[in-house]
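# Per-entry structural report
Each chain, written out:
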Amino acid sequence: MGQTESEKIRYEMRNEIENIIKQYNIDRTKFHEVAKNYYDKVIRKFYYTFCDYTKYPSIEQRTYFTYMWTRFRNDLKRTDIIRADWNNWREYIYKIDNLIPEKDLISLYYLIVDGGWVYEGELNEIKKVLLEYPVTMEDFYLFPKDYSWLINHCEDGECMCRVWN
């Protein structure tokens, strides 16, 4: 049975990230895909920490990451948004630093891309991957391994912000 078009796009995203890791010699101890047997744990914790699971309880809705931000809980606090400048993606990605609480600047993070791929790594390596990705991702979610906050980039809204409990 062949892949659907959305599955092809999803796997192309993963392949592109793998190519970036190889091309830019990104140290896999500092950025790598999470082990497949750990995906569910990370995704489940992400979902139950930030999303309104009483309103969207199904597995299908839980694992669909494009527009996941529309399922965030209403009681989350939010920073002001940072607007995207599509002519200067590099500057936009560097503004992630402005959203990270100072105490967390040396933490390890998870990155979930809209294709549902889960990565973990250090902030500088995550930014390298985001900077080199050839097209803008529709959505990505960056959060520390303690799930205390989340940075969400939304292409449709042309912005990103941080949310927390």
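For the structure itself, consult the block above.
What comes next is a walk through the structure. (Residues numbered from 1 in each chain as written. Predicted model: local features only at pLDDT ≥ 70, side-chain atom pairs only at ≥ 80, totals over all residues. Heavy atoms only, no water.)

## A word on unusual backbone geometry
Positive phi outside glycine occurs at Tyr147, with the angle close to 60°. On the secondary structure map, Tyr147 appears in the loop between β6 (139-144) and β7 (149-154). Looking at Tyr147, the relative accessible area reads 9%, which means it is buried. Its identity as a non-glycine residue notwithstanding, Glu158 has a phi of 55°, on the positive side. Its location among the elements puts Glu158 in the loop between β7 and β8 (159-164). Note on Glu158: relative accessible area 37%, which makes it partly exposed. (Helix = DSSP H or I, 4+ residues; strand = E, 2+ residues; numbered from the N terminus. Buried < 20%, exposed > 50% of the residue type's maximum accessible area, 1.4 Å probe, protein only.)

## Overview of helix α1 (residues 5-23)
In this model, α1 (19 residues) spans 26 Å end to end at C-alpha, consistent with the 27 Å of a helix rising 1.5 Å per residue. Among the residues making up α1, those that are buried are Met13, Ile17, Glu18, Ile20 and Ile21. Down the axis, α1 shows its buried residues gathered within 160° of arc, on one side only. Opposite its buried face, α1 presents the exposed residues Glu5, Glu12, Lys22 and Gln23, each directed more than 90 degrees away. At its buried positions, α1 is contacted by β1 (31-33), β4 (108-113), β5 (118-122) and α6 (123-132). Positive phi shows up at Asn25, right after α1, with a value of about 50°. (Expected span 1.5 Å × (residues − 1). Arc of directions from axis to C-beta. Contact = heavy atoms within 4.5 Å.)

## Description of the side chain of Glu125
Position of Glu125 relative to the elements: it lies in helix α6. Apart from residues no more than four positions distant in its own chain, Glu125 is found in contact with Ile26, Lys30 and Phe31.

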